[in-house]
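# What the coordinates show
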Number of protein chains: 2
Amino acid sequence: MSPVGRAAVYPPDIPFQAQQARGKRYNATIGQITDGMGRAIALPSLAASLGALSPADLSAALLYSPIGGIPELRELWHRWHRPQDAAPSSLPLVTVGLTHGLALAADLFGGPDRKVLVPAPFWGNYRQVFGLRTGADIVPVPAYRDRQWQPTALAEKLAELETGEPAVAILNLPSNPGGYSPTREERRVLIDSLVEASEARPLVVICDDAYSGLVYEPEIPRASVFWELLDRSESLIPIRLAGATKEFVFFGGRVGFLTLPYETASPVAQALDNKLRCLLRAGVGSPVALSQVILAQALRNDAIDQEVAATVELLAVRYRALKRALAETLAGSDTVFEVPFNSGAFAMLELASGLDPEAVRQTLLDDFDTGVISIPPRYLRLAFCSVEAEDIPELVRRVVRGVESLR
Amino acid sequence: MSPVGRAAVYPPDIPFQAQQARGKRYNATIGQITDGMGRAIALPSLAASLGALSPADLSAALLYSPIGGIPELRELWHRWHRPQDAAPSSLPLVTVGLTHGLALAADLFGGPDRKVLVPAPFWGNYRQVFGLRTGADIVPVPAYRDRQWQPTALAEKLAELETGEPAVAILNLPSNPGGYSPTREERRVLIDSLVEASEARPLVVICDDAYSGLVYEPEIPRASVFWELLDRSESLIPIRLAGATKEFVFFGGRVGFLTLPYETASPVAQALDNKLRCLLRAGVGSPVALSQVILAQALRNDAIDQEVAATVELLAVRYRALKRALAETLAGSDTVFEVPFNSGAFAMLELASGLDPEAVRQTLLDDFDTGVISIPPRYLRLAFCSVEAEDIPELVRRVVRGVESLR
């Protein structure tokens, strides 16, 4: 645990005292503007935008959320996501989007010079979340060899560290930018290798499940690796970060969830929960009540499963269009190569050596009216999640022409 | 500036590249689920709760906000809050509630062993926001002498520090827990003393304007002290943190604003904005789009001024009820004393020496069905913002009876 993580204790001050006063006939603890019975006095201009909410939901949306999140939503999320046969895990804590959950995990388990291993290429913000904010030492671990995803990459790098030195590893599956999820066999090898690696050191595995559920091939497991890491080894501590962001198309709501690998009532879960609530309050006060209420309403609705499935199917159509376009356009190319992808929101293309992805990106912007993301030293990232299927073949053609123009 | 503040640089990665691709015919940069034209594909169960929003607002509410906030809302807030004759200040940056703005300011200007002076008694979370998170050294400065608010308290304590040592001072006016705003004359003395103090050192003054606008006496200035600190001294750097929390009764929305004391286009504002966006992205990803859209809708409405005024008047009625009840009930008491208050959401009572406020709180909970907040070593805090006016006389009677029962 980091120095900040060790020092964090939820203080017995105002929220604690207000909690004790709940239900008293005269309650002068609450620093909110209420009708004297604990209900919000909504401004008409705000309430007008939220007219579809019940009075109770409107009040809950306008007042502070409990620091750990609205209990009903925590239960709904728990039920929605947890496989039935998973080992015990905690009721999730609500965060301000998934990134905020990563930042809380970084506060707890990062800290000066802590090694944080990240399969590369990776989402650049890990550097800021773990490195800049806590002083942790980001260690990129090549995730691919010859355009083949390596399930033992993290374990091999961990084996190079001094025995006993605690470490953090990040698992982002489906991956950003790679769009990759392991096969059943690769998943087994990955999990076994992490369990074995945890024999040599305390190992925190951060499961960044941003793209969880966005899986388009029937033979690829959909549930998070987190559930299979539970209860495998005392010194292997998986932490799950998820968000109601992608599957629910609720990017702007900022509702994330942090799940601990222990039963909610256990002393270790209680101790970590206390520290996390302290850090959450110190960083953002409380999570967003409005977004939690809107999400809880959606999760109460029986139709939500089909609605999420329809979103995944929409992405699957775009995914298949991209697969097809790449197969047709890249066949025989010696400049642009497909990196295997099967899930998530993105695909990566690898450029032949000598080609600079940043130069390609600029050319595509300037001469081909086309935007992609460049990832040094040799990748482009294509977001198929936000391009209509019918546009994808032309997108791929322009990318290839852009690359060819720089040969 | 703190070590983290110095190191923070907004990275030229995905959001930066996505910004450059905006408007391109083929845009494969965006990691959101859109219709291919940049509009959200809303799940029906989510959209149902937000049915009163226009399609454009609904889409903006569901997708990521720009890291700095939605431009229209930043403009609306700027116009709503800024006095016409104020010196230049920046367009405010949107934060996840006011606490998040404090945390960003702490990241920039706190850091190991930095002295942060706070008038006491104070909101306890400052210890976590500045001390726990950044290692800053919280220095409580007694705000009252003989139950009289001291406008020069911060300057006197600053004068004890080594010349040249940078320092941070927090101004929370109207105050929590004190409910105090300075008179016109006290405000002049306060500001002059801070300007003078800044001759000896770089001085960051954090204006925590959580209760801004909640002022109930006509002769007490309502606008934030921030506006009068602008442009007074090169080495005096006021930072304004405000929230659409209290006046808008939008506690659950988590919309805060951070304003810098420089013109938006100036190099110093641009450099600080770059660092703040880096830290914001590293901590929470982006601010809450949904709440920003709801707030912007309210600010577009001509009725909003009257609605906010009605909220302030509701609190003024409770304030006057409390003033009256205290005057009647405490007259001649030698155990409970009123500490001057004129604004905000709270009033403080001082207990005669020998009385423990925590013991009083427990007695009130156990024997009087009444909840208050205890503040060691000798204060109780009463929240008049959340108690109906007609209940306030009995609340005060119970508090006094509770205290008397412990003599």
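For the structure given in this document, a descriptive report is provided here. (Residues numbered from 1 in each chain as written. Chains lettered and ligands numbered in written order. Predicted model: local features only at pLDDT ≥ 70, side-chain atom pairs only at ≥ 80, totals over all residues. Heavy atoms only, no water.)

## Some thoughts on the relation of the copies chain B and chain A
Short version of the rule: The copies were overlaid by least squares, fitting only the C-alpha atoms of residues that reach a pLDDT of 70 or more in each copy. Two residues form a contact once any of their heavy atoms are found within 4.5 Å.
With an RMSD of 0.0 Å, chain B superimposes on chain A once it is rotated by 180° and translated 0.0 Å along the axis. Considering both components of the superposition, the chain copies are consistent with a two-fold axis. The rotation axis passes nearest to the C-alpha of leucine 50 of chain B in chain B, at a distance of 3.0 Å. Mapped onto chain A, 99% of the interface residues of chain B again fall at the interface, so both copies present the same surface.

## Considering the interface of chain B and chain A
So the rule is basically this: What counts as buried area is the accessible surface, traced by a 1.4 Å probe, that two parts surrender upon association, with contributions from both included. In the sections that follow, a salt bridge refers to a side-chain nitrogen of Lys or Arg positioned within 4 Å of a carboxyl oxygen of Asp or Glu. Under this definition, polar contacts are N or O atom pairs within 3.5 Å; protein pairs additionally need one hydrogen-donor-capable and one acceptor-capable atom, and for neighbouring residues in sequence, both atoms have to be side-chain atoms. Under the scheme applied here, ten amino acids are nonpolar (Ala, Val, Leu, Ile, Met, Phe, Trp, Tyr, Cys and Pro), four are charged (Asp, Glu, Lys and Arg), and all others, including Gly, are polar.
Listed by partner, the interface residues are 107 residues for chain B and 106 residues for chain A. At the boundary of chain B with chain A, total buried surface from both sides reaches about 8,900 Å², with 60% on carbon and sulfur atoms. Inspection of the chain B/chain A interface yields two salt bridges. Summed over the shared surface of chain B and chain A, the result is 50 residue pairs in polar contact (both at pLDDT 80 or more). Tallied by class, residues from the side of chain B that touches chain A come to 57 nonpolar, 31 polar and 19 charged.

## Focus: the packing of helix H11 (residues 267-284) of chain A against helix H7 (residues 125-134) of chain B
For any two helices packed against each other, one specifies the inter-axial angle together with the distance between the axes. How we decide: An axis is simply a line fitted to the C-alpha atoms; with a helix, the fit covers only the stretch in contact. Between two such axes, the angle follows the N-to-C directions and lies from 0 to 180 degrees. The way it works is that DSSP assigns letters per residue, a run of H or I at least four long becomes a helix, a run of E at least two long becomes a strand, and they are numbered from the N terminus. Roughly parallel refers to an angle under 35 degrees, roughly antiparallel to one over 145, roughly perpendicular to one between 65 and 115, and oblique to any angle outside these ranges.
One can describe the packing of H11 of chain A onto H7 of chain B by two numbers: an axis separation of 9 Å at closest approach and a directional angle of 95°. When the axes of H11 of chain A and H7 of chain B are compared, the pair comes out roughly perpendicular. Together, Cys278, Leu279, Arg281, Ala282 and Gly283 of chain A of H11 of chain A and Asn125, Gln128, Val129, Leu132 and Arg133 of chain B of H7 of chain B make up the contact between the two elements.

## Describing the sheet that holds strand S11 (residues 336-338) of chain A
All names here are of chain A. We apply this condition: Here the rule is simple: two strands pair whenever DSSP picks up at least two bridges between them.
The four strands are arranged S11-S12-S15-S14 in an open sheet whose pairing can be described as antiparallel. Strand pairing shows two members of the sheet lacking a second neighbour, S11 and strand S14 (373-375), which therefore form its edges. Neighbour-to-neighbour, the strand axes of the sheet open up by a mean angle of 30°, direction not taken into account.

## Digging into the pairing of strand S3 (residues 115-120) of chain B
Residues and elements named next belong to chain B. Convention followed: When the strands point away from the viewer, a crossover counts as right-handed if the route from the first strand across the helix to the second turns clockwise.
Bridging between S3 and strand S4 (residues 137-142) involves six bridges; their strand directions are parallel. Bridge pairing in S4 links valine 118 to proline 140. For the handedness criterion, the β-α-β arrangement of S3, H7 and S4 is classed as right-handed. Pairing between S3 and strand S7 (residues 167-171): three bridges, direction parallel. By the bridge assignment for S7, leucine 117 is matched with alanine 169.

## Things to note about the packing of helix H5 (residues 71-81) of chain A against helix H12 (residues 289-300) of chain A
Residues and elements named next belong to chain A. For the record, the criterion: Should the near helix be turned anticlockwise from the far one by less than a right angle, the crossing is left-handed, and should it be turned clockwise, the crossing is right-handed.
Packing of H5 against H12 brings their axes to within 10 Å, and their N-to-C directions diverge by 45°. For the element pair H5 / H12, the angle class is oblique. Remark: the crossing between H5 and H12 carries left-handed chirality. Facing H5, whose interface residues are Glu72, Leu73, Leu76, Trp77 and Trp80, H12 presents Gln292, Leu295, Ala296, Leu299 and Arg300. In terms of residue class, the contact of H5 with H12 is made up of seven nonpolar, one polar and two charged.

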